[in-house]
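Coordinate inspection notes
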Amino acid sequence: MSGEAVFNCAPFHPADSALPAGGENGGRGARLDTARAGRTPAHPDPSAGMTATIIILGLVASQTCHIVGQVLDVVEMRPVAGAHVLAADAGTTTDESGRFELTLPETPSARLTISHIGYEAKALTATPGPLPRPVLLRPRPIALPEVEVRPGPARPTGTHELSGPAIRRIPGAEKDILRAVQSLPGVSSTGDFFGWLYVRGGTPGENLFLLDGVEMPDPYHYAGLASVFNTALVEEVRLSTGGFGPDRGDRTASVLEVTTRPPRPGRRGRCGVDLTEVEAAAEFGTAGGDGFIAALRHCYLDLLLGRLDLGDGYILPTYTDFQLTARARPAPGLALNAGLLSTRESARAGDSSHWRAPGITLASRGTSGGLKLAWQPSGAARLSFQLSGIDRRQDFEVRDSLGENIRRHWPRNIRAGVLGHLIAAPGWLVEAGGSLASVAYRHESTLPLELLDPMRWGDTCVADIGFRQGDAWARVSRDVLPRLQVSAGARLDARSLDPGAVASPRLQARWQAGASTSLRTAWGIYRQFAAPEHRNADSLALAQPGAARARHLIFGLEQDLPAGITARLDLYDKRLDRLVVVRDGAFTADGTGSARGLELGLTRRQGVITWQGSYAWSRARRSWLHGLEPVPTDGEQPHILNLSGAGRLPGKIDASARLRWSSGAPYTPEVHYYENHCIPGEYNSARYPAYFRLDLRLARRFAIGGHGLDLWLSVLNATNARNVQSWYHDADGTRRAIWMLPRLPMLGLAWEF
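Residues numbered from 1 in each chain as written. Predicted model: local features only at pLDDT ≥ 70, side-chain atom pairs only at ≥ 80, totals over all residues. Heavy atoms only, no water.

A few points about the overall build of the protein
Counting secondary structure elements, the protein contains 4 helices and 46 strands. For the protein, with 753 residues in total, the buried portion stands at 48%. Look at the contacts in the protein between residues 6 or more apart in sequence, and 60% of them connect residues 24 or more apart. Working note: accessible area of the protein is about 34,800 Å², and carbon and sulfur atoms make up 60% of it. (Helix = DSSP H or I, 4+ residues; strand = E, 2+ residues; numbered from the N terminus. Buried < 20%, exposed > 50% of the residue type's maximum accessible area, 1.4 Å probe, protein only. Contact = heavy atoms within 4.5 Å. Areas by Shrake-Rupley, 256 points an atom, 1.4 Å probe, with all protein chains shown as cover.)

Right, dumping it as structure tokens:
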């Protein structure tokens, strides 16, 4: 690990969890995990805590007393998190705010020992109740043995990380990864009903999604209503908004990597329910890291919305996801990881006065899986092999007075990849890898492929495409100076549908200017092949074959400030060409575009109240039709402000809030409406009103009989702001608005055992 700070825009929770009584193994054994056990924050009123416990449990096994206090650094007067508080019969650790609560058998006084690495231990005698003053620890330097630090590739500016537990606590995200990511700088969206990501002027199709290294080409339910990722299995989510290395390719905007967590030792389970879905998970793990996690969730929005009188045209969706991950270490230096994700979804919509189709049905199913074998013969070398496959089918049917329109497509692919990692010499890191894929794609539609006349009905068009795709890449990282690290690499991508291979050179650098200041820069060429559906009906080939090209130039500055605050500034400039556009009713690859912006962020991850804030300015333009001037992209919002914070209220209630304000997204106005026909104006020449939304969340965890009960209440759009999703015209030509979410309370509970 390089030790560099990571900017995280999710509200930080003061304590990861309050473990159930009996330690992490729920009372099954006498092991004491001093690193995690008893991370229960301070309770300002011990008698109120005892009263709540009596009400919930209904019994008291024995008379106990509580000692409550806070541990501070005597020099900087800041909280000391993770300090050990030990008595003769019990122990605990301090939370992020330095607070602790220790439960003991009833006694008039107790001898406490408080210690933390890097501090002098302190002993004191305490009586039940709050301590009269904070416990002050004095720093003590510790001589540590020499540690060899091995180089890794420089992390590019614009990289953000979120943990799985943090995502589940973000107000308004409702445990959805893609909605949580929308709070990060450089990311915009087009409304409350869609999880599509527009990253630094890019489009949703220009983002690469990976689940444990397996590409997920369409990680959405219902075109963005929800993601297919289950946060119960997620350990970390990393978003690279630009300047990513040569190991990631065939995308020009961003890379979102989802990593599943290893199973915890022992047998565990979790079940939960809220207003939109029910979930269940089971896991089994050994102390060596072997085991599995299985999770199932089902959304019943169709039942909920079906009982409400929403009027015509509303989609009634439902979906079911099953995810499995397993890990094993059959031999020293050998690791085997396997994963499976199966999704099912369906939706229907009734008549609509402003839609041409009185009936719509959608059905989709998909399965993806991966198998990874990693071998590390020594500390300086590592080799891994990965095999993955994806099979997905989508059916979209529309019925109206003109007949039936059916769209079906089946993308399938099987991919095999290899990656090598070698420390060739002190200060040098050499990495290389590659993959081969076989892809089959079939698309059927009763609509003609000519986009300039989409209202014409024609014979069924079939696109049946099979091709092979491969890539190879290499990267060398070197500590050029004691505080300057440079990574240089290149990538080759080839596809049987397109002639030749495309090269993508990339360069990254990181300079540690001081103990609390780092600067990063990245430059690179990024290529992306046209999607299989972007094919002309006659030749199934673009008029100008090749891959879209984007040039990224990024600068970043990160500064640690007093009081645990980190500031971050990112500047970027992107130039695009060879984009797929429409010319004379067919696709061609001669479009251009540009995007530039500034992102400023502040975060505080220490203290009783933690908070984050970011502001982003951007300008993104593209030529969507041949010969026309560049216009704003669909997701361009020139100004975006995100604020979030978290803290603990009396009664061990965790509170958090998230606020988002942004400029309105562009849209194409309708300049004339006549007999149910709209005549559009200039593309994306108007903007919706500004967007504002405030989300709130309260949560409480109870320890009951060695298990855990989580209760939470979220209020989406707490101020009931009226945000416009889109405009439409009634039969008489009156323009009306489709509004985004109103004020919406969400209540849920989960039981861990």
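There's plenty left to go through after this.
What about the packing of aromatic side chains?
A full pass over the atoms with the stated rule returns 4 aromatic pairs. With a centroid separation of 5.9 Å and an interplanar angle of 80 degrees, the aromatic rings of F209 and Y220 are classed as edge-to-face. Of this pair, F209 sits in strand β12 (residues 207-211) while Y220 sits in strand β14 (residues 220-221); the two residues are 11 residues apart in sequence, bridging distant segments of the chain. Residue classification places Y220 among the buried positions, given a relative accessible area of 6%. Aromatic rings pair up to connect Y667, Y688 and W727 into one cluster. The ring of F467 carries R495 above its face, with NZ or CZ at 5.2 Å from the centroid. A cation over a ring is seen here: R722 above W739, with NZ or CZ 3.9 Å from the ring centre. (Phe/Tyr/Trp six-rings, centres within 6.5 Å; stacked < 30°, edge-to-face > 60°. Lys NZ or Arg CZ within 6 Å of the ring centre and 35° of its normal.)

Overview of the pairing of strand β9 (residues 159-163)
β9 sits mainly inside the fold: 4 of its 5 residues count as buried. As judged from the 5 bridges shared by β9 and strand β16 (residues 234-240), these two strands associate in the antiparallel manner. Counterpart to E161 in the pairing with β16 is R238. (Pairing = 2+ DSSP bridges.)

Considering the sheet that holds β16
Ordered in space as β9-β16-β17-β12-β13, the 5 strands form an open sheet in which the pairing is mixed. In this open sheet, the two strands that pair with only one neighbour each are β9 and β13 (214-215). As paired strands, β12 and strand β17 (residues 254-260) are joined by 5 bridges and run parallel to one another. Across the sheet, F209 pairs through a bridge with L256, a residue of β17.

Looking at the confidence of the model for the protein
Residue-level pLDDT values for the protein average 79, and 77% of them are 70 or greater. When mean pLDDT is taken per element in the protein, strand β37 (residues 653-662) scores highest with 95 and helix α1 (residues 46-57) scores lowest with 37. Note on residues 536-543: pLDDT is under 50 here. Beyond four places in sequence and across chains, it has 17 contacts. (pLDDT = per-residue confidence, 0-100.)

Considering the pattern of salt bridges
Per the stated rule, a full pass over the model turns up 38 salt bridges. Note that R415 and E215 form a salt bridge whose closest N and O atoms lie 3.8 Å from each other. Here R415, found in strand β25 (residues 403-425), pairs with E215, found in strand β13; they are 200 residues apart in sequence, far enough to count as distant. Classification of R415 by relative accessible area gives buried; the value is 19%. Judged by relative accessible area, which is 22%, E215 ranks as partly exposed. The salt bridge partner of R491 is D493, with a shortest N-O separation of 2.9 Å. A residue is classified by how much of its surface remains accessible, and R491, at 5% relative accessible area, is buried. Overall, D493 belongs to the buried group, its relative accessible area being 3%. In this structure, a network of salt bridges that share partners links the residues R168, K175, R270, D274, E277, E279, R701, D710 and E752. (Salt bridge = Lys/Arg side-chain N within 4 Å of Asp/Glu carboxyl O.)

Here's the deal with unusual backbone geometry
For D212, which is not a glycine, the phi torsion comes out positive at approximately 55 degrees. By the element assignment, D212 lies in the loop between β12 and β13. The class of D212 is partly exposed, set by a relative accessible area of 29%. One non-glycine residue, D250, adopts positive backbone phi at about 60 degrees. Examined against the element boundaries, D250 turns out to sit in the loop between β16 and β17. The exposure class of D250 is buried, given its relative accessible area of 15%.

Let's talk about empty space enclosed by the protein
Tallied over the full model, the rule gives 9 cavities of 30 Å³ or more. The volume enclosed by the largest cavity comes to roughly 140 Å³. G186, S188, R200, G201 and S618 are the residues nearest the centre of the largest cavity, which is lined by 18 residues in total. Of all the elements in the fold, those that place two or more residues in the lining of the largest cavity are β10 (187-188) and β34 (610-622). Take the lining of the largest cavity: its biggest share by element is 4 residues, from β34. Considered class by class, the residues forming the lining of the largest cavity number 6 nonpolar, 8 polar and 4 charged. Forming the walls of the second largest cavity are 14 residues, and the residues nearest its centre are M216, D218, S368, I390 and R392. Looking at the lining of the second largest cavity, the elements with two or more residues in it are β22 (334-349), β23 (359-378) and β24 (381-400). (1 Å grid on protein atoms, 1.4 Å probe; cavity = no way out; pocket = protein on both sides within 12 Å on 5 of 7 lines; lining within 4 Å. Points joined across faces, edges and corners; volume = space filled by probe spheres on them. Nonpolar A, V, L, I, M, F, W, Y, C, P; charged D, E, K, R; others polar.)

What about the nonpolar core?
Formed by 24 residues in total, the largest nonpolar core has its most connected members in I177, V181, L197, V237, L256 and V258. For this core, the secondary structure elements donating two or more residues are α3 (177-181), β12, β16 and β17. Per element, the largest residue contribution to this core is 4 residues, and it comes from α3. In contact with V258, not counting residues within four places along its chain, are I177, L210, L211, D212, F229, V234, E236 and V237. Counting 19 residues, the second-largest nonpolar core is a separate cluster that includes C65, I67, A83 and L112. (Core = buried A, V, L, I, M, F, W, Y, C linked by side-chain atoms within 4.5 Å.)

Digging into the sheet that holds strand β3 (residues 91-93)
With antiparallel pairing, the 4 strands of this open sheet are ordered in space as β3-β2-β5-β6. Across the chains shown, the open sheet's two edge strands, defined by having one partner strand only, are β3 and β6 (122-126). When the angles between neighbouring strand axes are averaged without regard to direction, this sheet yields 20 degrees. The pairing of strand β2 (residues 84-86) with strand β5 (residues 110-115) spans 3 bridges and is classified as antiparallel. Each residue of the ladder has a partner; that of L86, found in β5, is T113. (Axes fitted to C-alpha atoms, helices over the stretch in contact; angles between N-to-C directions.)

A closer look at the side chain of R261
One can find R261 in the loop between β17 and β18 (266-273). Reaching out from R261, the side chain makes a polar contact with the side chain of E283 at a distance of 2.9 Å. Once you skip the residues sitting within four places of it in the chain, R261 turns out to touch A232, L233, V234, E235, E283, I293 and R327. (Polar contact = N/O pair within 3.5 Å; in protein donor to acceptor, adjacent residues only side chain to side chain.)

Some thoughts on a nonpolar patch on the surface
Taken together, the side chains of L336, L371, L373, W375, L383, F385, L387, I414 and V418 define a hydrophobic patch exposed on the protein surface, amounting to about 780 Å² of accessible area. Those elements giving two or more residues to the nonpolar patch turn out to be β23, β24 and β25. Relative to the elements of secondary structure, W375 occurs in strand β23. Exposure remark for W375: the relative accessible area of 44% places this residue in the partly exposed category. (Patch = residues over 30% accessible without salt bridge, like charges linked within 9 Å, V, L, I, M, F, W, Y side chains within 5 Å.)

Looking at the side chain of N717
Residue position: N717 is located in the loop between β43 (707-716) and β44 (724-729). A distance of 2.9 Å separates a polar side-chain atom of N717 from the backbone oxygen of A721. Those residues within four positions of N717 in sequence are excluded, and the remaining contacts are F692, R693, L694, D695, L741, P742 and R743.

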